[in-house]
Amino acid sequence: MRALLSLLRFRPTRPCLPGWLGAVFVLVFLGAGALSPVEAREPNTLTIGMFAYRPVSVLEPAWRPLAWYLQEQVPGVHVNIRFLDQDAMTRALERDELDLVFTNPAHYITLRTQNQLSGAIATLVALEEGKAVSQLGGVLIRRKERTDIQRWQDLPGKVVAVTGTQYLGGYATQAKELVQRGIALDSIEFKRLGNPHDKVVAAVLEGQADAGFIRTGILESLHAEGKAEVADLEVVEPVSHSGFPFKASTALYPEWAMVALPHLDRDLSRRISAALLALEPEDVLSQLAGIHGFTIPADYQSVQEAMMAARVPPFDKAPTVSIREFARQHAAAVIAVGSILLTVMIASAWVLRTNRRLNLAQGRLAQERQRLEDIIEGTNAGTWEWYVAEDRIVYGRRWAAMLGYTLEELEPVSLDTWKTLTHPVDQQEVLAQLDKDLAAGVDAFESEFRMRHKAGHWVWIHNLGRIIRRTEDGKPLLLTGIHLDVTERKRNEEERALSHSVFLRTHTGVMVTDESNRIVQINPAFTEITGYTPEEVLGKSPDMLASGEHDEAFYRKLWNDLEGKGEWEGEIINRHKNGHTVPERMTISVVRDGDGAIQHYIGVFTDISLQKQLVRELQHSAHHDLLTGLPNRALLYDRLGLALAQARRARSSVAVIFLDLDGFKPVNDTYGHVVGDELLRRLAQRMRGVVRDGDTLARLGGDEFVVVANAVADEEDATACAERVLAAIGEPVTLKMAGTTVRLSASVGVVVCPPTASEEDALPEAVLGRADVLMYEAKRAGKARVVVQRFVP
Ligand SMILES: Nc1nc2c(ncn2[C@@H]2O[C@H](COP(=O)(O)OP(=O)(O)OP(=O)(O)O)[C@@H](O)[C@H]2O)c(=O)[nH]1
């Protein structure tokens, strides 16, 4: 039941929907604005500075939930997010106001050269045209008919449209390709058009530029938007990247980086990294931000190299390039006036600087590698590397520890180690899926399977793999990946599924209401018991089920119990949709959040109509004769006692008419007991017909009956009543089962008890005893008669 209740506490939008969702909507609908521009770093507050690539009003609803999500994942820390343009970000870093920076790769490298930033802790996996993309590159476009531009080498002397030279996908990536080919950047006339990239596409289409640099994915996105004119464009020098869904003319570079500032506590940074990696594409947060999620941090060194090659600020004063260019542009003068000394000096300076940069870059690389290892350790991931050509596998220590082993215990390791430990059914599925993935040329793959722990139990593993190197013809050479122990999550999922199935299948009705007592969830049993479908009740108050059978005091007690004890239990009569009432046994519980505020009320109830019916039947059979349905001896005593007491108060008389059938035994003997039963039933019916409504006709047992007649005037009145009964008995009875007609009589003793009788004489036993004696007198006197005795006190 605990599991059921915990299930109910969450709406089924998504299992375990984070608590911040409500806040998202509140914020979006209230239109909350951006935070104040300057915020000092508070203790226990973690501030993420996100590069504001779009207006804050657009970024706020999409990305603010990231802060709430991280806050939920890292309890005890208040997580804040600030949307900052480049200048504001620089200022915030100078003032030490940020703990994390989330920005595009070029901006990250720029900030890194200006500030003490550490390595990235996660890389964004974007969602473009419905595809997961963790890389970006550059595209060189021209109009189809411009066949004079076939290669990068054709660009010198041409006009090339660009958004701006500070962009990675829009400039640096292409510039690097040019520099690599020895093409001087100033041999090309760059036309800076500003954002968005559509302007570059339009300029090329309209012939205002000979070619254009745009980011990967732009062409496909314009095509998807129905811009048919992009078909007039050609991608120059297309490069195919396995698994990358867009056209590119350059190498690929990693997506946005989440970067930790050096002061950030290592453990905290690991927990944030783990939380980001745990994001799923179908999480509400991912959907709001329009992303696929995050992946382990990429190597951003390639971005820096591209920026340096392209002389993008802050690398626009790179001596390597400027000296070369200087030499090229002023070759004649240099040769004329250059001395060997000068050349040696320049060369030495260049070597020194390059070395310094190299050392710096290597230091950063080592730092990033260390950070990556920390992250892997922090996420409790076990690593593996598979060198396909050598058929060699390297497992990390944590990989083995996850299964209760040391690496030494598993030596020598191979793919067979994995096979031996993996559940045979899962193993087949995983290998089949891997074959499919490899055939499809994907770069990343994931799977889940069970592995046998040293202690004997199964451990659920989530495997994330990536192809790191391929042969020239595209065959995988090196695959690496991580194993995560997701046993707990699997168990929770199973428990949740089980609870949900119980919720659906139980015959107990369940109704969940929100804090203002509006119904938010019901189960099928609810519909079965009340007749109402979810569409008819959701959003309404449970009052709609009220039958009107309970008074105000009943509901007051119910609400008092809920407020005081947090629970009410009892029987309640509700009204079915069809109109009839349904008695229910119900328990209502209050569910509160951590601060004690009411979140939900949960009503669990069963239909007790059948039990109630059974109780009624049992009560009836305890007081009635099974054969005739008449009151039995016990009820007769009750009724007679009541009648005598009332008569005494009302100063009236009660008559007791005691009857015993004459000659009943021969009917039994001749036609059998079943026929005798039929006769008793028929005579009982007849007698009932002649007895007044307020009077009682009871069967004492056998063929003995008693009539209690209230408010009789005198003995004559009582005798008349007895005669009526006698006459009813005396009518012929056709017994269907015997196929015969019989005619019986009865001997009757009548006692009239006046209000003046003593208490003792007016006891039911005394009055009945006297009537019994008179009935015997009637028998002795020849049967078929009434003997009345005046009551003498
Ligand atoms: N069919 C049937 N017979 C019953 C039932 N209870 C008692 N009897 C029979 O009713 C008969 C009553 O006995 P008596 O009152 O002595 O029989 P009788 O023939 O009416 O005798 P008198 O009263 O002297 O005329 C007995 O044979 C019982 O076995 C019953 O529930 N059903």
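Owing to the predicted nature of the structure, the values given are computational and were not obtained by experimental measurement.

Notes on the overall build of the protein
Next, step 1: If you tally the helices and strands in the protein, you get 28 helices and 30 strands.
Next, step 2: Evaluated residue by residue, the protein yields a buried proportion of 46% over its 793 residues.
Next, step 3: Across the protein, the fraction of contacts at a sequence separation of at least 24, relative to all contacts at a separation of at least 6, is 66%.
Next, step 4: For the protein, the computed accessible surface area is about 39700 Å², with 53% contributed by carbon and sulfur atoms.

Comments concerning the site of the ligand
Next, step 1: Lining the immediate environment of the ligand, one finds 17 residues, of which Gly 663, Lys 665, Asn 668, Asp 677 and Lys 779 sit closest.
Next, step 2: Separating an oxygen atom of the ligand from a backbone N or O atom of Leu 661 is a distance of 3.1 Å.
Next, step 3: One nitrogen or oxygen atom from the main chain of His 673 is found 3.1 Å from a nitrogen atom belonging to the ligand.
Next, step 4: Considering the ligand on its own, with 650 Å² of exposed area, one finds that the protein chains cover 68% of that surface.
Next, step 5: For the shell around the ligand, the secondary-structure elements that each account for two or more residues are strand E24 (653-662), helix H25 (665-671) and helix H26 (673-690).
Next, step 6: When residues of the shell around the ligand are assigned to their parent elements, the largest contribution, 4 residues, is made by H26.
Next, step 7: The class makeup of the residues in the shell around the ligand is 4 nonpolar, 5 polar and 8 charged.

Re the confidence of the model for the protein
Next, step 1: Of all residues in the protein, 89% attain a pLDDT of 70 or more, and the chain-wide mean is 86.
Next, step 2: Within the protein, no element has a lower average pLDDT than helix H1 (residues 2-9), which sits at 28, and none a higher one than E24, at 97.
Next, step 3: Within the model, the stretch residues 1-39 combines pLDDT values under 50 with 62 contacts to residues more than four positions away or in other chains.
Next, step 4: As a predicted assembly, this complex carries a pTM of 0.42 together with an ipTM value of 0.96.

Description of helix H6 (residues 168-180)
Next, step 1: The buried count for H6 comes to 11 of 13 residues, which makes it a mostly enclosed element.
Next, step 2: Along H6, the positions that sit buried rather than exposed are Leu 168, Gly 169, Gly 170, Tyr 171, Ala 172, Thr 173, Gln 174, Ala 175, Lys 176, Glu 177 and Leu 178.
Next, step 3: Gly 182 occupies a position one or two residues after H6 and carries a positive phi of about 75°.

As for the packing of helix H3 (residues 56-73) against helix H9 (residues 266-277)
Next, step 1: Here H3 crosses H9 at 120°, and the two axes come no closer than 10 Å. One way to sum up the angle between H3 and H9 is to call them oblique. At the point where H3 passes H9, the crossing takes the right-handed sense. Of the residues in H9, those in contact with Leu 66, Tyr 69, Leu 70 and Gln 73 of H3 are Ile 272, Ala 275 and Leu 276.
Next, step 2: Grouping the constituent residues of the contact of H3 with H9 by class yields 6 nonpolar, 1 polar and no charged.

Quick word on the pattern of salt bridges
When their charged atoms lie close together, side chains carrying opposite charge are able to pair.
Next, step 1: On inspection of all chains with the given rule, the structure shows 34 salt bridges.
Next, step 2: In this structure, the salt-bridge partner of Glu 60 is Arg 64, at a minimum N-O distance of 2.5 Å. Of this pair, Glu 60 and Arg 64 both sit in helix H3, 4 residues apart, roughly one helical turn. There is no split in this pair, since Glu 60 and Arg 64 are both buried.

Examining the packing of aromatic side chains
Next, step 1: Applying the stated criterion to the full structure yields 17 aromatic pairs.
Next, step 2: Relative to Phe 213, the ring of Tyr 171 lies with its centre 6.4 Å away and its plane at 45°, an arrangement referred to as tilted. Pair noted here: Tyr 171 is in helix H6 and Phe 213 is in strand E9 (residues 211-215), with a separation of 42 residues, a long-range link. Just as Tyr 171 is buried, Phe 213 falls in that class too.

Notes on the pairing of strand E6 (residues 135-143)
Next, step 1: With respect to burial, E6 is a largely interior element, 7 of its 9 residues being buried.
Next, step 2: Summarising the sheet, E6 and strand E11 (residues 252-254) pair through 3 bridges and their orientation is antiparallel. Residue pairing for E11: Leu 136 is matched across the bridge by Tyr 253.
Next, step 3: As judged from the 5 bridges shared by E6 and E9, these two strands associate in the antiparallel manner. Within the sheet, the bridge partner assigned to Val 139 lies in E9 and is Ile 214.
Next, step 4: Both E6 and strand E10 (residues 233-235) contribute to a ladder of 3 bridges, which runs antiparallel. Each residue of the ladder has a partner; that of Arg 142, found in E10, is Glu 234.

Remarks on the environment of Ala 172
Next, step 1: Secondary-structure assignment places Ala 172 in helix H6.
Next, step 2: By relative accessible area, which is 1% here, Ala 172 ends up buried.
Next, step 3: For the pair Ala 172 and Ala 306, spaced 134 residues apart in the sequence, the C-alpha separation amounts to 5.9 Å.
Next, step 4: Filtering out sequence-adjacent residues up to four positions away, Ala 172 remains in contact with Tyr 167, Ala 306, Met 307, Ala 310 and Val 312.

A look at helix H22 (residues 552-565)
Next, step 1: Taking 1.5 Å per residue as the helical rise, H22 with its 14 residues ought to reach 20 Å, and the 20 Å between its terminal C-alpha atoms agrees with that figure.
Next, step 2: Within H22, the full set of buried residues consists of Phe 554, Leu 558, Asp 561 and Leu 562. Buried residues of H22, seen end-on, are gathered within an arc of 95° and therefore sit on one face of the element. Summarising the geometry of H22, the exposed residues directed more than 90 degrees from the buried face are Glu 552, Glu 563 and Gly 564.
Next, step 3: Structurally, H22 contributes buried residues whose contacts are with strand E21 (567-575), strand E22 (581-592) and strand E23 (598-607).
Next, step 4: One or two positions beyond H22, positive phi appears at Gly 566, with a value near 80°.

Some words on the sheet that holds strand E16 (residues 444-452)
Next, step 1: The 5 strands lie next to each other as E15-E14-E18-E17-E16, forming an open sheet whose pairing is antiparallel. Each end of this open sheet is capped by a strand with a single partner; those strands are strand E15 (392-395) and E16. On average, each strand axis in the sheet is tilted by 20° relative to the strand beside it, whichever way the strands run.
Next, step 2: As judged from the 9 bridges shared by E16 and strand E17 (residues 458-470), these two strands associate in the antiparallel manner. Its bridge partner being in E17, Arg 452 is matched across the sheet by Trp 458.
Next, step 3: Where helix H18 (residues 424-440) meets the sheet, it contacts strand E14 (382-387), E16, E17 and strand E18 (476-485), and its direction lies at approximately 165° from that of E16.
Next, step 4: Taken strand by strand, helix H19 (residues 487-505) contacts E16, E17 and E18, and its axis lies near 125° from that of E17.

Structural notes on the side chain of Thr 250
Next, step 1: Within the element layout of this structure, Thr 250 appears in the loop between E10 and E11.
Next, step 2: You can call Thr 250 buried: its relative accessible area is 1%.
Next, step 3: Here the side chain of Thr 250 touches Gly 138 through a polar contact of 2.8 Å, landing on its backbone nitrogen.
Next, step 4: In contact with Thr 250, other than residues within four places in its own chain, are Gly 137, Gly 138, Trp 152, Thr 173, Gln 174, Glu 177, Val 239 and His 241.

So, the sheet that holds strand E29 (residues 745-753)
Next, step 1: Judged by pairing direction, the sheet is mixed, and its 5 strands sit side by side in the order E25-E26-E24-E29-E30 without closing on themselves. Each edge of the open sheet carries a strand with a single partner, namely strand E25 (696-701) and strand E30 (785-789). Between one strand axis and the next, the sheet turns through 20° on average, direction left out of account.
Next, step 2: Bridge analysis of E29 against E30 gives 5 bridges, and the strand direction is parallel. Directly across from Val 748, in E30, lies its bridge partner Val 786.
Next, step 3: Lying on the sheet, helix H28 (residues 764-780) is in contact with E24, strand E26 (704-712), E29 and E30; it crosses E29 at an angle near 140°.

The rules we used
- Residues numbered from 1 in each chain as written.
- Predicted model: local features only at pLDDT ≥ 70, side-chain atom pairs only at ≥ 80, totals over all residues.
- Heavy atoms only, no water.
- Helix = DSSP H or I, 4+ residues; strand = E, 2+ residues; numbered from the N terminus.
- Buried < 20%, exposed > 50% of the residue type's maximum accessible area, 1.4 Å probe, protein only.
- Contact = heavy atoms within 4.5 Å.
- Areas by Shrake-Rupley, 256 points an atom, 1.4 Å probe, with all protein chains shown as cover.
- Near = heavy atom within 4 Å.
- Polar contact = N/O pair within 3.5 Å; in protein donor to acceptor, adjacent residues only side chain to side chain.
- Nonpolar A, V, L, I, M, F, W, Y, C, P; charged D, E, K, R; others polar.
- pLDDT = per-residue confidence, 0-100.
- Axes fitted to C-alpha atoms, helices over the stretch in contact; angles between N-to-C directions.
- Parallel < 35°, antiparallel > 145°, perpendicular 65-115°, else oblique.
- Left-handed = near helix turned anticlockwise from the far one by under 90°.
- Salt bridge = Lys/Arg side-chain N within 4 Å of Asp/Glu carboxyl O.
- Phe/Tyr/Trp six-rings, centres within 6.5 Å; stacked < 30°, edge-to-face > 60°.
- Pairing = 2+ DSSP bridges.
- Expected span 1.5 Å × (residues − 1).
- Arc of directions from axis to C-beta.

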